[in-house]
Amino acid sequence: MLMSCRAIQHHLSSFLEGDLSETQSSEVNQHMATCGTCAAKMTEARHSRTRFLSALHALPALPAPRELATRLQVLASHEIERVQGRREFSSATRRWWMRAQISMRDLMRPLALPAAGGVLSSVACFSMLASSLTFPQQFANDIPLGFTTQVQVDQLSPFGYTGHDVVMELTIDKNGKVADYAARGSVTRDDMKQLGNLILFTSFAPATAFGQPTSGKILLRSHRINVRG
Amino acid sequence: MLSYEDAQLIAGLREGVESSYEMLISRFQQPVYNLAYRLLNDSGDACDVTQEVFLKVFRNVKQFQGKSSLRTWVYRIAVNESHNRRRWLFRHRHKEVGLQEDFVDESEPRDRSLADGARSPYDRAFDREKQVLLEEALSRINPSFREAVVLRDVEDLSYDEIAEILQISMGTVKSRILRGREALRLQLTARISPELQLRECL
(Lines give C-alpha, C1' and ligand atoms only; values in the text may rest on other atoms or scores of the structure.)
Protein backbone atom coordinates (compact mmCIF):
# COMPACT_ATOMS: atom_id res chain seq x y z
CA MET A 1 0.00 0.00 0.00
CA LEU A 2 1.33 3.39 -0.88
CA MET A 3 1.78 6.06 1.77
CA SER A 4 -0.49 9.05 1.83
CA CYS A 5 0.88 12.54 1.20
CA ARG A 6 0.35 13.29 4.85
CA ALA A 7 2.40 10.30 5.99
CA ILE A 8 5.13 11.34 3.59
CA GLN A 9 5.22 14.81 5.16
CA HIS A 10 5.53 13.17 8.54
CA HIS A 11 8.45 10.99 7.46
CA LEU A 12 10.19 13.65 5.42
CA SER A 13 12.90 14.65 7.87
CA SER A 14 13.56 11.07 8.97
CA PHE A 15 13.87 10.10 5.32
CA LEU A 16 16.35 12.84 4.67
CA GLU A 17 18.39 11.87 7.72
CA GLY A 18 18.42 8.29 6.46
CA ASP A 19 16.68 7.17 9.58
CA LEU A 20 13.86 5.15 7.96
CA SER A 21 13.81 1.39 7.52
CA GLU A 22 14.46 0.04 4.04
CA THR A 23 10.81 -0.80 3.36
CA GLN A 24 9.67 2.60 4.55
CA SER A 25 12.19 4.49 2.44
CA SER A 26 11.34 2.45 -0.64
CA GLU A 27 7.69 3.34 -0.06
CA VAL A 28 8.61 7.00 0.17
CA ASN A 29 10.59 6.69 -3.05
CA GLN A 30 7.66 5.05 -4.79
CA HIS A 31 5.38 7.84 -3.65
CA MET A 32 7.79 10.46 -4.88
CA ALA A 33 7.83 8.88 -8.30
CA THR A 34 4.07 9.33 -8.62
CA CYS A 35 3.31 12.50 -6.62
CA GLY A 36 4.74 15.71 -8.06
CA THR A 37 3.76 17.88 -5.11
CA CYS A 38 5.51 15.71 -2.58
CA ALA A 39 8.56 15.40 -4.84
CA ALA A 40 8.79 19.17 -5.06
CA LYS A 41 8.43 19.48 -1.30
CA MET A 42 11.07 16.84 -0.86
CA THR A 43 13.49 18.69 -3.14
CA GLU A 44 12.82 21.90 -1.30
CA ALA A 45 13.32 20.20 2.08
CA ARG A 46 16.53 18.56 0.88
CA HIS A 47 17.91 21.89 -0.30
CA SER A 48 16.91 23.53 2.90
CA ARG A 49 18.54 20.78 4.91
CA THR A 50 21.76 21.01 2.91
CA ARG A 51 21.87 24.76 3.34
CA PHE A 52 21.14 24.47 7.02
CA LEU A 53 23.82 21.86 7.60
CA SER A 54 26.39 23.68 5.54
CA ALA A 55 25.62 26.85 7.46
CA LEU A 56 26.15 24.96 10.72
CA HIS A 57 29.27 23.42 9.34
CA ALA A 58 30.54 26.78 8.16
CA LEU A 59 30.38 28.26 11.63
CA PRO A 60 33.90 29.61 11.85
CA ALA A 61 36.35 28.17 14.33
CA LEU A 62 36.81 30.80 16.97
CA PRO A 63 40.49 31.42 17.58
CA ALA A 64 41.20 30.86 21.23
CA PRO A 65 42.35 34.02 23.01
CA ARG A 66 46.10 34.37 23.28
CA GLU A 67 45.80 34.59 27.02
CA LEU A 68 44.47 31.03 27.04
CA ALA A 69 47.60 29.72 25.35
CA THR A 70 49.72 31.38 28.04
CA ARG A 71 47.56 29.95 30.79
CA LEU A 72 47.85 26.48 29.29
CA GLN A 73 51.62 26.78 28.97
CA VAL A 74 51.93 27.78 32.59
CA LEU A 75 49.68 24.89 33.56
CA ALA A 76 51.75 22.47 31.50
CA SER A 77 55.04 23.63 33.00
CA HIS A 78 53.63 23.18 36.51
CA GLU A 79 52.45 19.72 35.62
CA ILE A 80 55.77 18.76 34.06
CA GLU A 81 57.56 19.86 37.17
CA ARG A 82 55.11 17.90 39.31
CA VAL A 83 55.46 14.73 37.26
CA GLN A 84 59.25 14.92 37.11
CA GLY A 85 59.55 15.87 40.75
CA ARG A 86 57.52 12.88 41.80
CA ARG A 87 59.76 10.53 39.88
CA GLU A 88 62.99 11.54 41.55
CA PHE A 89 63.14 11.19 45.28
CA SER A 90 66.26 13.30 45.67
CA SER A 91 64.85 16.18 43.73
CA ALA A 92 61.66 15.83 45.73
CA THR A 93 63.54 16.14 49.00
CA ARG A 94 65.56 19.02 47.61
CA ARG A 95 62.41 20.74 46.58
CA TRP A 96 60.92 20.10 49.98
CA TRP A 97 64.00 21.57 51.64
CA MET A 98 63.91 24.63 49.39
CA ARG A 99 60.25 25.12 50.09
CA ALA A 100 60.89 24.83 53.83
CA GLN A 101 63.69 27.38 53.56
CA ILE A 102 61.50 29.76 51.65
CA SER A 103 58.64 29.46 54.06
CA MET A 104 61.04 29.87 56.99
CA ARG A 105 62.45 32.98 55.39
CA ASP A 106 59.01 34.32 54.73
CA LEU A 107 58.13 33.67 58.32
CA MET A 108 61.29 35.24 59.73
CA ARG A 109 61.72 38.22 57.47
CA PRO A 110 58.98 40.32 59.09
CA LEU A 111 60.45 39.50 62.51
CA ALA A 112 64.16 39.66 61.77
CA LEU A 113 64.61 43.40 61.33
CA PRO A 114 62.60 44.54 64.36
CA ALA A 115 64.18 41.85 66.53
CA ALA A 116 67.75 42.65 65.47
CA GLY A 117 67.05 46.36 65.86
CA GLY A 118 65.71 45.82 69.35
CA VAL A 119 68.69 43.74 70.46
CA LEU A 120 71.22 46.20 69.00
CA SER A 121 69.56 49.25 70.50
CA SER A 122 69.33 47.62 73.92
CA VAL A 123 73.04 46.69 73.77
CA ALA A 124 73.89 50.26 72.74
CA CYS A 125 71.80 51.76 75.55
CA PHE A 126 73.34 49.42 78.11
CA SER A 127 76.91 50.16 77.05
CA MET A 128 76.24 53.89 77.27
CA LEU A 129 74.73 53.65 80.71
CA ALA A 130 77.04 50.95 82.09
CA SER A 131 79.80 53.37 83.16
CA SER A 132 77.42 55.54 85.14
CA LEU A 133 75.73 52.66 86.90
CA THR A 134 76.67 52.13 90.56
CA PHE A 135 75.35 49.50 92.89
CA PRO A 136 75.37 50.55 96.56
CA GLN A 137 76.70 47.54 98.46
CA GLN A 138 76.96 47.05 102.22
CA PHE A 139 78.89 44.03 103.27
CA ALA A 140 78.98 44.93 106.96
CA ASN A 141 76.36 43.16 109.10
CA ASP A 142 75.50 41.03 106.19
CA ILE A 143 73.52 38.07 107.23
CA PRO A 144 74.81 35.00 105.48
CA LEU A 145 71.88 33.55 103.64
CA GLY A 146 71.38 30.23 102.03
CA PHE A 147 73.05 28.04 104.65
CA THR A 148 72.98 27.21 108.32
CA THR A 149 75.33 28.36 111.06
CA GLN A 150 76.11 26.59 114.29
CA VAL A 151 75.56 27.87 117.79
CA GLN A 152 78.49 29.99 118.83
CA VAL A 153 79.77 31.12 122.14
CA ASP A 154 79.40 34.84 122.29
CA GLN A 155 81.08 35.53 125.60
CA LEU A 156 82.45 33.05 128.04
CA SER A 157 81.62 33.20 131.70
CA PRO A 158 84.13 35.24 133.70
CA PHE A 159 84.16 32.50 136.36
CA GLY A 160 86.61 29.70 135.91
CA TYR A 161 86.02 26.03 136.32
CA THR A 162 88.06 23.96 138.66
CA GLY A 163 86.29 20.61 138.57
CA HIS A 164 86.97 17.44 136.61
CA ASP A 165 87.23 17.32 132.84
CA VAL A 166 83.74 17.26 131.40
CA VAL A 167 81.94 17.39 128.07
CA MET A 168 78.59 19.14 128.05
CA GLU A 169 75.93 19.14 125.44
CA LEU A 170 73.89 22.32 125.53
CA THR A 171 70.67 22.94 123.68
CA ILE A 172 70.33 26.64 122.81
CA ASP A 173 66.95 27.99 121.74
CA LYS A 174 66.49 30.67 119.11
CA ASN A 175 66.75 33.47 121.64
CA GLY A 176 70.23 32.35 122.62
CA LYS A 177 69.03 30.95 125.95
CA VAL A 178 70.03 27.54 127.24
CA ALA A 179 67.07 25.27 127.02
CA ASP A 180 68.66 22.05 128.23
CA TYR A 181 72.01 20.65 129.16
CA ALA A 182 73.53 17.25 129.67
CA ALA A 183 76.94 16.46 131.04
CA ARG A 184 79.03 13.41 130.16
CA GLY A 185 81.73 11.97 132.28
CA SER A 186 82.14 11.75 136.08
CA VAL A 187 80.58 14.85 137.47
CA THR A 188 80.40 15.63 141.16
CA ARG A 189 77.85 17.77 142.84
CA ASP A 190 80.42 20.51 143.29
CA ASP A 191 81.39 20.30 139.64
CA MET A 192 77.75 20.60 138.72
CA LYS A 193 77.40 23.80 140.67
CA GLN A 194 80.41 25.30 138.95
CA LEU A 195 79.07 24.18 135.58
CA GLY A 196 75.72 25.78 136.35
CA ASN A 197 77.43 29.09 136.99
CA LEU A 198 79.46 28.69 133.85
CA ILE A 199 76.36 28.13 131.75
CA LEU A 200 74.45 30.88 133.42
CA PHE A 201 77.04 33.54 132.76
CA THR A 202 78.01 32.50 129.25
CA SER A 203 76.10 34.10 126.42
CA PHE A 204 75.49 32.27 123.15
CA ALA A 205 74.68 33.32 119.61
CA PRO A 206 71.89 31.05 118.41
CA ALA A 207 72.19 28.82 115.36
CA THR A 208 70.71 30.22 112.15
CA ALA A 209 69.11 28.58 109.14
CA PHE A 210 68.67 30.81 106.06
CA GLY A 211 69.21 33.89 108.19
CA GLN A 212 66.59 33.00 110.78
CA PRO A 213 67.70 32.09 114.35
CA THR A 214 66.73 28.54 115.32
CA SER A 215 67.47 26.24 118.16
CA GLY A 216 70.68 24.23 118.01
CA LYS A 217 73.17 22.26 120.03
CA ILE A 218 76.72 22.91 121.13
CA LEU A 219 79.31 20.74 122.87
CA LEU A 220 81.46 22.38 125.52
CA ARG A 221 84.59 20.74 126.86
CA SER A 222 86.05 22.09 130.01
CA HIS A 223 89.53 21.31 131.23
CA ARG A 224 91.04 22.18 134.40
CA ILE A 225 94.13 24.15 133.63
CA ASN A 226 96.74 24.15 136.31
CA VAL A 227 98.91 27.14 136.33
CA ARG A 228 102.06 26.67 138.24
CA GLY A 229 103.42 29.33 140.40
CA MET B 1 42.00 1.59 19.63
CA LEU B 2 44.93 3.91 20.26
CA SER B 3 47.00 5.00 17.31
CA TYR B 4 50.77 4.76 17.59
CA GLU B 5 51.04 8.53 17.64
CA ASP B 6 48.52 8.85 20.47
CA ALA B 7 50.25 6.13 22.45
CA GLN B 8 53.58 7.95 22.09
CA LEU B 9 51.97 11.19 23.16
CA ILE B 10 50.39 9.59 26.22
CA ALA B 11 53.64 7.91 27.22
CA GLY B 12 55.33 11.30 26.93
CA LEU B 13 52.69 12.92 29.12
CA ARG B 14 53.14 10.25 31.77
CA GLU B 15 56.90 10.75 31.76
CA GLY B 16 56.61 14.53 31.90
CA VAL B 17 58.21 15.16 28.51
CA GLU B 18 57.84 18.81 27.59
CA SER B 19 57.35 18.30 23.86
CA SER B 20 54.43 15.95 24.51
CA TYR B 21 52.71 18.58 26.59
CA GLU B 22 53.26 21.15 23.88
CA MET B 23 51.93 18.80 21.24
CA LEU B 24 48.82 18.00 23.25
CA ILE B 25 48.12 21.67 23.77
CA SER B 26 48.69 22.59 20.15
CA ARG B 27 46.49 19.72 19.00
CA PHE B 28 43.57 20.21 21.32
CA GLN B 29 43.59 23.80 22.51
CA GLN B 30 41.59 25.10 19.57
CA PRO B 31 39.05 22.25 19.25
CA VAL B 32 38.39 22.13 22.99
CA TYR B 33 37.98 25.88 23.21
CA ASN B 34 35.70 25.84 20.20
CA LEU B 35 33.56 23.05 21.60
CA ALA B 36 33.31 24.74 24.98
CA TYR B 37 32.44 28.02 23.32
CA ARG B 38 29.70 26.40 21.26
CA LEU B 39 28.27 24.71 24.33
CA LEU B 40 28.50 27.70 26.66
CA ASN B 41 28.36 30.66 24.31
CA ASP B 42 30.79 32.71 26.36
CA SER B 43 34.46 33.29 25.71
CA GLY B 44 35.53 33.61 29.34
CA ASP B 45 33.70 30.48 30.39
CA ALA B 46 35.13 28.63 27.42
CA CYS B 47 38.66 29.66 28.47
CA ASP B 48 38.10 28.48 32.02
CA VAL B 49 36.63 25.21 30.85
CA THR B 50 39.51 24.64 28.44
CA GLN B 51 41.97 25.13 31.24
CA GLU B 52 40.04 22.72 33.46
CA VAL B 53 39.96 20.18 30.66
CA PHE B 54 43.71 20.30 30.20
CA LEU B 55 44.29 20.06 33.92
CA LYS B 56 42.10 16.96 34.03
CA VAL B 57 43.87 15.46 31.05
CA PHE B 58 47.28 16.04 32.63
CA ARG B 59 46.24 14.70 35.98
CA ASN B 60 44.30 11.68 34.74
CA VAL B 61 46.53 10.59 31.90
CA LYS B 62 47.92 7.88 34.20
CA GLN B 63 44.48 6.35 34.53
CA PHE B 64 43.68 6.59 30.83
CA GLN B 65 43.51 3.03 29.58
CA GLY B 66 43.30 3.69 25.88
CA LYS B 67 39.93 2.04 25.38
CA SER B 68 38.88 5.00 23.28
CA SER B 69 40.93 7.31 21.11
CA LEU B 70 42.70 10.25 22.69
CA ARG B 71 40.47 12.68 20.86
CA THR B 72 37.31 11.01 22.11
CA TRP B 73 38.63 11.01 25.65
CA VAL B 74 39.58 14.69 25.55
CA TYR B 75 36.24 15.61 24.01
CA ARG B 76 34.40 13.62 26.63
CA ILE B 77 36.18 15.55 29.38
CA ALA B 78 35.41 18.79 27.55
CA VAL B 79 31.71 17.95 27.24
CA ASN B 80 31.50 16.94 30.89
CA GLU B 81 33.32 20.03 32.06
CA SER B 82 31.09 22.26 29.96
CA HIS B 83 28.10 20.47 31.40
CA ASN B 84 29.33 21.07 34.95
CA ARG B 85 30.10 24.66 34.13
CA ARG B 86 26.64 25.21 32.74
CA ARG B 87 25.08 23.77 35.88
CA TRP B 88 27.32 25.93 38.02
CA LEU B 89 26.41 29.00 35.97
CA PHE B 90 22.75 28.14 36.24
CA ARG B 91 23.08 28.15 40.02
CA HIS B 92 25.35 31.17 40.36
CA ARG B 93 24.88 33.48 37.45
CA HIS B 94 21.81 35.22 38.78
CA LYS B 95 23.85 36.27 41.83
CA GLU B 96 26.49 37.90 39.70
CA VAL B 97 26.49 41.45 38.50
CA GLY B 98 27.34 41.60 34.83
CA LEU B 99 30.48 43.66 34.66
CA GLN B 100 31.18 42.79 31.07
CA GLU B 101 27.82 43.59 29.55
CA ASP B 102 29.26 45.83 26.89
CA PHE B 103 32.58 44.09 26.58
CA VAL B 104 32.44 42.40 23.20
CA ASP B 105 35.56 40.34 23.30
CA GLU B 106 34.76 37.71 20.70
CA SER B 107 33.83 40.06 17.90
CA GLU B 108 37.43 40.73 17.01
CA PRO B 109 38.62 37.18 16.40
CA ARG B 110 35.39 36.31 14.63
CA ASP B 111 35.90 39.06 12.12
CA ARG B 112 39.46 37.97 11.70
CA SER B 113 38.41 34.40 11.01
CA LEU B 114 36.05 35.64 8.35
CA ALA B 115 38.66 37.64 6.49
CA ASP B 116 38.15 36.55 2.92
CA GLY B 117 39.32 38.88 0.20
CA ALA B 118 37.13 37.32 -2.46
CA ARG B 119 33.87 38.20 -0.74
CA SER B 120 32.14 41.52 -0.84
CA PRO B 121 31.50 43.39 2.42
CA TYR B 122 27.81 42.77 1.80
CA ASP B 123 28.35 39.01 1.70
CA ARG B 124 30.44 39.18 4.83
CA ALA B 125 27.78 41.12 6.66
CA PHE B 126 25.28 38.58 5.45
CA ASP B 127 27.40 35.68 6.70
CA ARG B 128 27.90 37.43 9.98
CA GLU B 129 24.17 37.86 10.37
CA LYS B 130 23.65 34.20 9.60
CA GLN B 131 26.20 33.13 12.17
CA VAL B 132 24.70 35.28 14.85
CA LEU B 133 21.29 33.82 14.17
CA LEU B 134 22.62 30.27 14.20
CA GLU B 135 24.57 30.81 17.37
CA GLU B 136 21.60 32.33 19.09
CA ALA B 137 19.42 29.46 18.00
CA LEU B 138 22.05 26.98 19.18
CA SER B 139 22.24 28.59 22.57
CA ARG B 140 18.49 28.34 22.93
CA ILE B 141 17.94 24.64 22.30
CA ASN B 142 18.08 21.94 24.96
CA PRO B 143 21.70 21.42 26.10
CA SER B 144 21.71 17.68 25.49
CA PHE B 145 20.49 18.21 21.92
CA ARG B 146 22.96 21.01 21.50
CA GLU B 147 25.84 18.74 22.53
CA ALA B 148 24.86 16.16 19.95
CA VAL B 149 24.30 18.68 17.15
CA VAL B 150 27.51 20.56 17.86
CA LEU B 151 29.57 17.38 17.92
CA ARG B 152 28.00 16.09 14.73
CA ASP B 153 27.43 19.14 12.56
CA VAL B 154 29.98 21.64 13.82
CA GLU B 155 32.83 19.43 15.00
CA ASP B 156 32.10 16.83 12.35
CA LEU B 157 32.52 13.73 14.49
CA SER B 158 31.15 10.31 13.60
CA TYR B 159 28.12 8.80 15.30
CA ASP B 160 30.36 6.23 16.97
CA GLU B 161 32.57 8.88 18.44
CA ILE B 162 29.62 10.91 19.65
CA ALA B 163 28.14 7.84 21.30
CA GLU B 164 31.43 7.29 23.12
CA ILE B 165 31.84 10.92 24.10
CA LEU B 166 28.36 11.33 25.46
CA GLN B 167 28.32 7.73 26.71
CA ILE B 168 24.93 6.99 25.25
CA SER B 169 23.73 4.41 22.76
CA MET B 170 23.88 4.88 19.02
CA GLY B 171 20.09 5.10 18.82
CA THR B 172 20.03 7.89 21.39
CA VAL B 173 22.74 9.73 19.50
CA LYS B 174 20.73 9.59 16.30
CA SER B 175 17.53 10.66 17.93
CA ARG B 176 19.23 13.51 19.77
CA ILE B 177 20.82 14.78 16.60
CA LEU B 178 17.54 14.53 14.75
CA ARG B 179 15.57 16.26 17.46
CA GLY B 180 18.32 18.81 17.93
CA ARG B 181 18.31 19.75 14.28
CA GLU B 182 14.55 19.95 14.34
CA ALA B 183 14.62 22.19 17.39
CA LEU B 184 17.28 24.33 15.76
CA ARG B 185 15.20 24.67 12.64
CA LEU B 186 12.19 25.63 14.69
CA GLN B 187 14.18 28.23 16.55
CA LEU B 188 15.50 29.63 13.31
CA THR B 189 12.16 29.80 11.56
CA ALA B 190 10.61 31.40 14.63
CA ARG B 191 13.33 34.03 14.54
CA ILE B 192 13.43 34.55 10.83
CA SER B 193 9.81 34.51 9.74
CA PRO B 194 9.40 38.25 10.38
CA GLU B 195 12.54 38.84 8.36
CA LEU B 196 11.70 36.98 5.21
CA GLN B 197 14.61 38.33 3.31
CA LEU B 198 16.93 36.16 5.37
CA ARG B 199 15.07 32.94 4.73
CA GLU B 200 16.91 32.31 1.53
CA CYS B 201 20.17 31.90 3.22
CA LEU B 202 18.96 29.05 5.38
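Look above for the structure.
Draft legend 1. Looking closely at the overall build of chain A. Secondary structure assignment for chain A yields six helices and eight strands. Along chain A, from the amino end to the carboxyl end, the secondary structure elements read α-α-α-α-α-β-β-β-β-α-β-β-β-β. Put simply, chain A has 229 residues, and 10% of those count as buried. In chain A, the proportion of contacts linking residues at least 24 apart, taken out of those at least 6 apart, comes to 67%.

Draft legend 2. Highlighting the interface of chain A and chain B. Between chain A and chain B, the residue contacts involve 26 residues of the former and 32 residues of the latter. Put simply, the parts of the chain that give the side of chain A that touches chain B at least two residues each are helix H3 (36-57) and helix H4 (66-87) of chain A. It is H4(A) that provides the largest number of residues to the side of chain A that touches chain B, a total of ten residues. When its residues are assigned to classes, the side of chain A that touches chain B shows 18 nonpolar, three polar and five charged.

Draft legend 3. Summary view of the packing of helix H4 (residues 70-92) of chain B against helix H8 (residues 159-166) of chain B. All names here are of chain B. Packing of H4 against H8 brings their axes to within 8 Å, and their N-to-C directions diverge by 50°. Taken as axis vectors, H4 and H8 run oblique relative to one another. Handedness of the H4/H8 crossing: right-handed. Taking contact as the criterion, the partners of Thr72, Tyr75, Arg76 and Val79 in H4 are, on H8, Glu161, Glu164, Ile165 and Leu166. For the contact of H4 with H8, the per-class residue count stands at four nonpolar, one polar and three charged.

Draft legend 4. The arrangement of the sheet that holds strand S1 (residues 148-149) of chain A in detail. Residues and elements named next belong to chain A. In spatial order, the strands read S1-S6-S7; together these three strands make up an open sheet with antiparallel pairing. Across the chains shown, the open sheet's two edge strands, defined by having one partner strand only, are S1 and strand S7 (212-214). Pairing between strand S6 (residues 207-209) and S7: three bridges, direction antiparallel. Counterpart to Ala207 in the pairing with S7 is Thr214.

Draft legend 5. The packing of helix H1 (residues 4-15) of chain B against helix H2 (residues 18-40) of chain B, seen in detail. All names here are of chain B. One way to put it is that H1 packs onto H2 with a least axis distance of 8 Å and a crossing angle of 125°. Classified by the angle their axes make, H1 and H2 are oblique. Between H1 and H2 lies a crossing whose hand is left-handed. Along the contact surface, H1 presents Leu9, Gly12 and Leu13, while H2 presents Ser19, Ser20, Tyr21, Met23 and Leu24. Residue classes in the contact of H1 with H2 are distributed as five nonpolar, three polar and no charged.

Draft legend 6. Up close: H8(B). Among all positions in H8(B), only B:Glu161, B:Ile162, B:Glu164, B:Ile165 and B:Leu166 are buried. Two residues or fewer after H8(B) comes B:Gln167, characterised by a positive phi angle close to 55°.

Draft legend 7. Geometry of unusual backbone geometry. All names here are of chain B. Here Asn41, not a glycine, exhibits a phi torsion of approximately 60°, which is positive. Summarising the element assignment, Asn41 is placed in the loop between H2 and helix H3 (43-60). By the C-beta count within 10 Å, which is 17 here, Asn41 ends up partly exposed. A positive phi angle is found at Gln167, which is not glycine, with a value near 55°. Among the secondary structure elements, Gln167 is positioned in the loop between H8 and helix H9 (170-192).

Draft legend 8. Local environment of the sheet that holds strand S4 (residues 178-184) of chain A. Residue and element names in this part refer to chain A. Pairing is antiparallel in the open sheet, where three strands are placed in the order S4-S3-S8. The outermost strands of the open sheet, each flanked by one partner alone, are S4 and strand S8 (216-222). Along the sheet, successive strands turn relative to each other by an average axial angle of 20°, direction set aside. Relative to S4, strand S3 (residues 166-172) runs antiparallel, the two sharing six bridges.

Rules and cut-offs
Residues numbered from 1 in each chain as written. Chains lettered and ligands numbered in written order. Predicted model: local features only at pLDDT ≥ 70, side-chain atom pairs only at ≥ 80, totals over all residues. Helix = DSSP H or I, 4+ residues; strand = E, 2+ residues; numbered from the N terminus. Buried ≥ 20, exposed ≤ 12 C-beta atoms within 10 Å, placed from the backbone. Contact = placed C-beta atoms within 7 Å. Nonpolar A, V, L, I, M, F, W, Y, C, P; charged D, E, K, R; others polar. Axes fitted to C-alpha atoms, helices over the stretch in contact; angles between N-to-C directions. Parallel < 35°, antiparallel > 145°, perpendicular 65-115°, else oblique. Left-handed = near helix turned anticlockwise from the far one by under 90°. Pairing = 2+ DSSP bridges.

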